[in-house]
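Here is how the chains run, residue by residue.
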Amino acid sequence: MLLPAVTVILSVIGFLYSRTYTPAWPGDFTAYLGAGYAIADGYNPYDESEINRCLSLNGLTDAEALPFLYSPAFALPFSLGKYLGAVWVRRAWFTILHLSFWYGLFLLFGRKKQLKKSIILMVVFGSILVFTGPYRATAKWGQVSALLFLSISIAITRKPDSAVSGVFLSLIPLIKPALSAPLLALRKRAWLFLAGSILVIITISVASTGFEPWRQYATALNRVSSQWDLSIPGNRSLSGNVHRIFGFAFENSIRGSDNRQERIQRAGVVRTLSSLVSVILILLTVSIVLTVIGKANLKQYCMSGYFIPLLSWISPLISPLAYDHYGLFLLPLLIASIYTEKPVLYTTTAAAFIVWAIVPNGNTFMPHGAALIIVEAVRPLFLIIAAVLYARVTSSLQHLVK
């Protein structure tokens, strides 16, 4: 019972300490709540002005919601705020987030054959993450990432064809579809339960609100995808860094013209080129990882317990947008690396995790320029190196679990 006890103690400490840095109404949570209010009142949950009006009508006049770009199915539970009150929904949501993270971490460390090591690792990792890193970022913003982290942890502890894995992983495509790489590890009936869960959730959503919020969701995604600048500060993905590098390299060329229309056209060309290079680099990275695993070993590897952590690790890398709280998706591979007892592997993954998930954004401690570009570009580079090394080491192990 020592590991559960340690987990409970750390979760209590983490929850109490989070109260010192979490705003009364964090931007992400307020966006979820505002979308829920909008759906309950029949307004567009993807219109920021309407969300803010709904929040104001429900007593949150000082809250500032971030843009909501999740499916209507995710907004639906937050519509209960109209009936229960915002305070009770906030309490329930943050309780869910904290419990999700610590239970997910407990599942990753819950290895009976190495119990003493698991307890030590839980104390070390838990103590660090209480005060810094992706858990703190998730709690600060009220982000849903902790719930998705739990779904991945549950899938890791079960067989690839587990119905439970299919049900829990169905949350990812409904909430953050760009992080759906772990779904590739599912097999046979798990896919049926995943598809069935998604269908049931969408059916409930449509039955409750009609098709209009889903149409508005599609419109919002199309609008954002054509306008959003992936080079924005805080975006740690591979695509974000490529766009940042190209923007810096061609900045003078874009601004060199006095014709506004010509500047827009040049910026569009640079953006298209950045997207193309991003896709090529992502495909190249995936190809290298698959090559390292080896064609002969690929089927067995995909059925092993090492595959989902690898897919979870590369999710923030290949997603168009990735923020510091996405670092929760790096934990499964980092923990799996430690249990391989290969020093070169777990030191590399630990360094990659620290650089990507714990080191603050470069723009917070240095002016914009070449140095900032280099510092931020190191993040995805570390993830790529660690992913390739992990694939090479784990694919050569003889105890791959089918």
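Here's what I pulled together on the structure shown here. Worth saying up front: this structure is predicted, and the values here are computed from it rather than measured.

The rules behind these values
Residues numbered from 1 in each chain as written. Predicted model: local features only at pLDDT ≥ 70, side-chain atom pairs only at ≥ 80, totals over all residues. Heavy atoms only, no water. Core = buried A, V, L, I, M, F, W, Y, C linked by side-chain atoms within 4.5 Å. Buried < 20%, exposed > 50% of the residue type's maximum accessible area, 1.4 Å probe, protein only. Contact = heavy atoms within 4.5 Å. Helix = DSSP H or I, 4+ residues; strand = E, 2+ residues; numbered from the N terminus. Polar contact = N/O pair within 3.5 Å; in protein donor to acceptor, adjacent residues only side chain to side chain. Phe/Tyr/Trp six-rings, centres within 6.5 Å; stacked < 30°, edge-to-face > 60°. Lys NZ or Arg CZ within 6 Å of the ring centre and 35° of its normal.

**Digging into the nonpolar core**
Moving on, step 1. The biggest cluster of nonpolar side chains holds 108 residues, and the ones touching the most others in it are Phe68, Phe101, Leu105 and Leu331.
Moving on, step 2. In this structure, Phe68 is in contact with Ala31, Tyr32, Ala35, Pro45, Tyr46, Ile51, Phe74 and Ala75, ignoring residues within four places of it in sequence.

**A closer look at the environment of Leu192**
Moving on, step 1. In this structure, Leu192 sits in helix H12 (residues 189-209).
Moving on, step 2. Overall, Leu192 belongs to the exposed group, its relative accessible area being 64%.

**Some points on the side chain of Ser237**
Moving on, step 1. Residue placement: Ser237 occurs in the loop between helix H13 (212-227) and helix H14 (238-249).
Moving on, step 2. In terms of polar contacts, Ser237 uses its side chain to reach the side chain of Asn235, at 3.1 Å.
Moving on, step 3. Here the side chain of Ser237 touches Ser319 through a polar contact of 3.3 Å, landing on its backbone oxygen.
Moving on, step 4. With near-sequence residues (within four places) excluded, Ser237 lies in contact with Pro316, Leu317, Ser319, Pro320, Leu321, Ala322 and Pro380.

**Thoughts on the packing of aromatic side chains**
Moving on, step 1. By the definition in use, this model includes 28 aromatic pairs.
Moving on, step 2. Site record: aromatic cluster; members linked through ring pairs are Trp25, Phe29, Tyr32, Tyr46, Phe68, Tyr70, Phe74, Phe78, Trp93, Phe94, Trp214 and Tyr217.
Moving on, step 3. Sitting above the plane of the Trp88 ring, Arg91 keeps its charged end 4.7 Å from the centroid.

**What to know about unusual backbone geometry**
Moving on, step 1. Located in the positive-phi region is Lys188, a residue other than glycine, with phi close to 50 degrees.
Moving on, step 2. Within the secondary structure layout, Lys188 lies in the loop between helix H11 (171-175) and H12.
Moving on, step 3. Under the relative-accessibility criterion, Lys188 is labelled exposed at 69%.
Moving on, step 4. Non-glycine residue Glu341 carries a positive phi angle of around 60 degrees.

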